[in-house]
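# Secondary and tertiary structure notes
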Amino acid sequence: MNKYKLLFGISLLLAFLSFAYYEVRGNGYLERLSLNLIVLLLIAKIFSLLINAIFNIELLKIFGVYLKFKEALYLSSITFLGNLFLPGRSGGTFRLIYLNQVHKLKKNDLISQFSYFFIISIFINTFFLIICILTFYRKIDSSNSLFIIVSFILFGFSYFMLFFGFKENTKLNKYKFINNINETKNSWQRIISRKDAQVKLISLSLFNFLIFLIENMLILNILFNINDIFTILFFNSSSTLGSLIGVTPGSLGLKESFILFSSSFINLDLNQILSFSVVERGVSIIFSVFPLFAILNFIRKK
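Anyway, here's the lowdown on the structure attached to this text. What you see is a predicted model, and the numbers here were worked out from it, not measured in a lab.

Further remarks concern the overall build of the protein. Per the secondary structure count, the protein includes 12 helices and zero strands. Order of helices (α) and strands (β) in the protein, N terminus to C terminus: α-α-α-α-α-α-α-α-α-α-α-α. Seen along its three principal axes, the alpha-carbon backbone of the protein occupies a region of about 65 × 50 × 35 Å. The 302 residues of the protein split such that 51% are buried. By sequence separation, contacts in the protein at least 24 residues apart represent 75% of the contacts at least 6 residues apart. Accessible surface, the protein as shown: approximately 15,400 Å² in total, 67% of it carbon and sulfur. Of note, the protein has its 29 positive side-chain charges centred 11 Å away from the centre of its 14 negative side-chain charges.

Below you can see the structure in the form of structure tokens.
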């Protein structure tokens, strides 16, 4: 890990939180925070990290890699910390490097696994987004039509990828690039053709979705007195989709922009979105101690 990138990522995250806190400190929202809320959010994040570890175990079984729980927790921990503090979803990159070096997984298998996480997240979150959009049909107008179109396109694409995919192609081509594409497609089919594994992976992803929903419900309810389930569901799905855009550390600014882009459905202003971000990202920084401990514990006993 490049220590300068890490230092830059941490500095950028802290600078963003400082700016956001300065902007929202006078609105009274953050005064509603309590120790009980922070503890509940930390517990939810622990469960989410553990579920991600189990997800790693089940996904890698398809490729003949049988992780012990501590190793799977190590993978989910480096993924979390890398994505939080470094740009470009570096946590996922660390995971791929480890699997390549330690378990000798091929590049095509790594690409298909990395893509699977994105596709299944897009599928689940756009599914619930569309349900909410249909519920909020009276709010549909030209200002949010692009968001609706993008949501339906992403849902259709992810549905096709998860349940249909591509035809396997084992014929060799004279072009290496074409062969690499075919091998990646075949690796993808290897995942989605295992129906038993698909059920487990989708179930685990739904469980994680529920945990994120509970986290957001607690913050939105306590800070802004929002308790409408469809508003919370819409916010949860749009914020999760925004977090997949990992150009900046922890999707700084991008996640908030994506929520703001869709906010005409749920009437959240920039001040509320920044207040939410201060709490959610602040708790994530506190929580980062737990995956850091899991990483150090795994390395020490390795």
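From this point, the discussion proceeds with the structure in view.
Here we come to helix α9 (residues 229–243). The terminal C-alpha atoms of α9 lie 21 Å apart, and with 15 residues this matches the ideal 21 Å at 1.5 Å per residue to within 8%. Buried within α9 are the following residues: Thr231, Ile232, Leu233, Phe234, Phe235, Asn236, Ser237, Ser238, Ser239, Thr240, Leu241 and Gly242. Next to the buried residues of α9 lie α5 (107–135), α6 (145–163), α8 (195–224), α10 (254–261) and α11 (270–287).

On to empty space enclosed by the protein, then. Here the structure, examined in full by the defined rule, presents two cavities of 30 Å³ or more. Looking at the second largest cavity, the residues that line it are Lys255, Glu256, Ile259, Ile273, Phe276, Ser277, Glu280 and Arg281. Only α10 and α11 provide two or more residues apiece to the lining of the second largest cavity. Broken down by element, the lining of the second largest cavity gets its largest block of residues, five residues, from α11. Of the residues assigned to the lining of the second largest cavity, the class counts are three nonpolar, one polar and four charged.

Moving on to the side chain of Ser239. Locating Ser239 in the fold gives a position in helix α9. Only 3.0 Å separates the side chain of Ser239 from the backbone oxygen of Asn236, close enough to count as a polar contact. The contact partners of Ser239, leaving out residues within four places of it in the chain, are Asn216, Lys255 and Ile259.

In this model, Asn225 sits at a positive phi of 60 degrees, which is unusual for a non-glycine residue. By the element assignment, Asn225 lies in the loop between α8 and α9. Although it is not a glycine, Asn267 sits at a positive phi angle of roughly 60 degrees. With respect to the secondary-structure elements, Asn267 resides in the loop between α10 and α11.

With that settled, consider the packing of helix α2 (residues 35–61) against helix α3 (residues 69–85). The relative placement of two packed helices is expressed as an angle between their axes plus a distance between the axes. Across the interface, α2 lies against α3 with an axial gap of 8 Å and an inter-helix angle of 115 degrees. Seen from above, α2 lies across α3 with right-handed handedness. Together, Leu49, Leu50, Asn52, Ala53, Ile54, Asn56, Ile57 and Leu60 of α2 and Phe69, Ala72, Leu73, Leu75, Ser76, Ser77 and Phe80 of α3 make up the contact between the two elements.

Next up on the list: the packing of α2 against α8. Across the interface, α2 lies against α8 with an axial gap of 10 Å and an inter-helix angle of 165 degrees. Classified by the angle their axes make, α2 and α8 are roughly antiparallel. Crossing of α2 against α8: the hand is left-handed. Of the residues that constitute the contact of α2 with α8, the class distribution is 17 nonpolar, four polar and four charged.

This part covers the environment of Ser264. Assignment of secondary structure puts Ser264 in the loop between α10 and α11. The sequence separation of Ser264 and Ile140 amounts to 124 residues, and the corresponding C-alpha distance is 8.8 Å. Every residue in contact with Ser264, bar those within four places of it in the chain, is listed here: Lys139, Ser143 and Asn144.

Moving on: the nonpolar core. Leu75, Tyr116, Phe234 and Phe265 are the most contacted members of the largest nonpolar core, which has 88 residues in total. In terms of residue count, α5 provides more of this core than any other element does, 13 residues in total. The residues touching Tyr116, leaving out its near neighbours within four places in the chain, are Phe55, Leu59, Leu162, Trp188, Ile191, Ile192, Gln198, Leu201 and Ile202.

Nonpolar side chains collect at one region of the surface, where Leu35, Val39, Leu40, Ile43 and Phe47 lie side by side and expose about 470 Å² of accessible area between them. Topologically, Val39 is positioned in helix α2.

What counts and what doesn't
- Residues numbered from 1 in each chain as written.
- Predicted model: local features only at pLDDT ≥ 70, side-chain atom pairs only at ≥ 80, totals over all residues.
- Heavy atoms only, no water.
- Helix = DSSP H or I, 4+ residues; strand = E, 2+ residues; numbered from the N terminus.
- Buried < 20%, exposed > 50% of the residue type's maximum accessible area, 1.4 Å probe, protein only.
- Contact = heavy atoms within 4.5 Å.
- Areas by Shrake-Rupley, 256 points an atom, 1.4 Å probe, with all protein chains shown as cover.
- Lys, Arg positive; Asp, Glu negative; His and termini not counted.
- Charge placed at Lys NZ, Arg CZ, Asp CG, Glu CD.
- Expected span 1.5 Å × (residues − 1).
- 1 Å grid on protein atoms, 1.4 Å probe; cavity = no way out; pocket = protein on both sides within 12 Å on 5 of 7 lines; lining within 4 Å.
- Points joined across faces, edges and corners; volume = space filled by probe spheres on them.
- Nonpolar A, V, L, I, M, F, W, Y, C, P; charged D, E, K, R; others polar.
- Polar contact = N/O pair within 3.5 Å; in protein donor to acceptor, adjacent residues only side chain to side chain.
- Axes fitted to C-alpha atoms, helices over the stretch in contact; angles between N-to-C directions.
- Left-handed = near helix turned anticlockwise from the far one by under 90°.
- Parallel < 35°, antiparallel > 145°, perpendicular 65-115°, else oblique.
- Core = buried A, V, L, I, M, F, W, Y, C linked by side-chain atoms within 4.5 Å.
- Patch = residues over 30% accessible without salt bridge, like charges linked within 9 Å, V, L, I, M, F, W, Y side chains within 5 Å.
- Salt bridge = Lys/Arg side-chain N within 4 Å of Asp/Glu carboxyl O.

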